[in-house]
Amino acid sequence: MNQDEMKQAVAREAIRYVEEGTVVGVGTGSTANFFIDELAKMKFDIKGAVASSEATAARLQKHGIPVLDLNAVDEMPVYIDGADEANRHLHLVKGGGGALTREKIVAQVARRFICIADASKLVETLGTFPLPIEVIPMARSYVARELVRLGGRPELRQGFTTDNGNVILDVHGLAITEPAKLEATLNNLPGVVTNGLFALRPADALLLGTPEGVKVIE
């Protein structure tokens, strides 16, 4: 299987985590898009979906899936999303698509967070993929200086504004050996909205697309 076929395979497998008559949290990115396409096949069996980005909301609506405001949702059994990196402890790096803040909010609300990814995303140590950090614009330079002190090389994501009206610093050169500790440290910097580490609230299961089929890491 090629990469797209592996993404399609995990998207199909993720459908079994969706409970009929409930609200589904849906992530952002190429793998999540495959899941949306699969979810459309059972759109009349669910109440609707909570989208983690404007792009995801648009794709859901194109398929005729009702998009619900998270503030109006009392319970969400599952959130399905991809990742830019994952380790065997189910810690993730996310935010390559720029939707990390809303992704983190929806993941926190959901009872279970199921991550779907192709085999290339599984790593021993997080940090090869630049770590995205969403920053309030006036704090950009200050946060960048603090990131350098932490050993990173921050780069402003040029020409990009998040759905929340903020900027993203992509941090290169970090070997993330203590993901939860670093996540908390970064979130405590004034001006940081959130960062792309999902370690304090990791995935509950990782569905990994491989040439041999879908493997589940829990």
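Residues numbered from 1 in each chain as written. Predicted model: local features only at pLDDT ≥ 70, side-chain atom pairs only at ≥ 80, totals over all residues. Heavy atoms only, no water.

Student: Which residues make up the pattern of salt bridges, and what values go with them?
Tutor: Evaluation of the coordinates by the stated rule reveals 14 salt bridges. Notably, a salt bridge pairs Arg 59 with Asp 37, separated by 3.1 Å at the nearest N-O pair. Here the residue Arg 59 occupies a position in helix α3 (residues 54–62), and Asp 37 occupies one in helix α2 (residues 30–39), the gap between them amounting to 22 residues. Arg 59 sits in the partly exposed class, given a relative accessible area of 30%. A salt bridge links Glu 38 to Lys 41; its shortest N-O distance comes to 3.2 Å. Judged by relative accessible area, Lys 41 falls into the exposed class, the value being 65%. Here the salt bridges do not stand alone but share partners, grouping Glu 19, Glu 75 and Arg 111 into one network. (Salt bridge = Lys/Arg side-chain N within 4 Å of Asp/Glu carboxyl O. Helix = DSSP H or I, 4+ residues; strand = E, 2+ residues; numbered from the N terminus. Buried < 20%, exposed > 50% of the residue type's maximum accessible area, 1.4 Å probe, protein only.)

Student: Account for a nonpolar patch on the surface, with residues named and values stated.
Tutor: A cluster of nonpolar side chains, contributed by Ile 136, Met 138 and Val 193, occupies part of the molecular surface with about 310 Å² of accessible area. Within the element layout of this structure, Val 193 appears in strand β10 (residues 192–195). Classification of Val 193 by relative accessible area gives partly exposed; the value is 33%. (Patch = residues over 30% accessible without salt bridge, like charges linked within 9 Å, V, L, I, M, F, W, Y side chains within 5 Å. Areas by Shrake-Rupley, 256 points an atom, 1.4 Å probe, with all protein chains shown as cover.)

Student: With reference to specific residues and values, describe the sheet that holds strand β2 (residues 48–51).
Tutor: One open sheet holds the six strands; their spatial order is β2-β1-β3-β6-β12-β13, and the pairing between them is mixed. Each edge of the open sheet is held by one strand with a lone partner, namely β2 and β13 (213–217). Strand-to-strand twist across the sheet, computed as the mean angle between neighbouring axes with direction ignored, equals 25°. Two strands pair when backbone bridges link them, and strand β1 (residues 23–26) and strand β3 (residues 78–81) are joined in this way by three bridges, in the parallel orientation. Bridging across to β3, Val 26 finds its partner in Ile 80. Packed on one face of the sheet, helix α4 (residues 100–109) meets β1, β2, β3 and β6 (112–118) and runs near 145° to β3. (Pairing = 2+ DSSP bridges. Axes fitted to C-alpha atoms, helices over the stretch in contact; angles between N-to-C directions. Contact = heavy atoms within 4.5 Å.)

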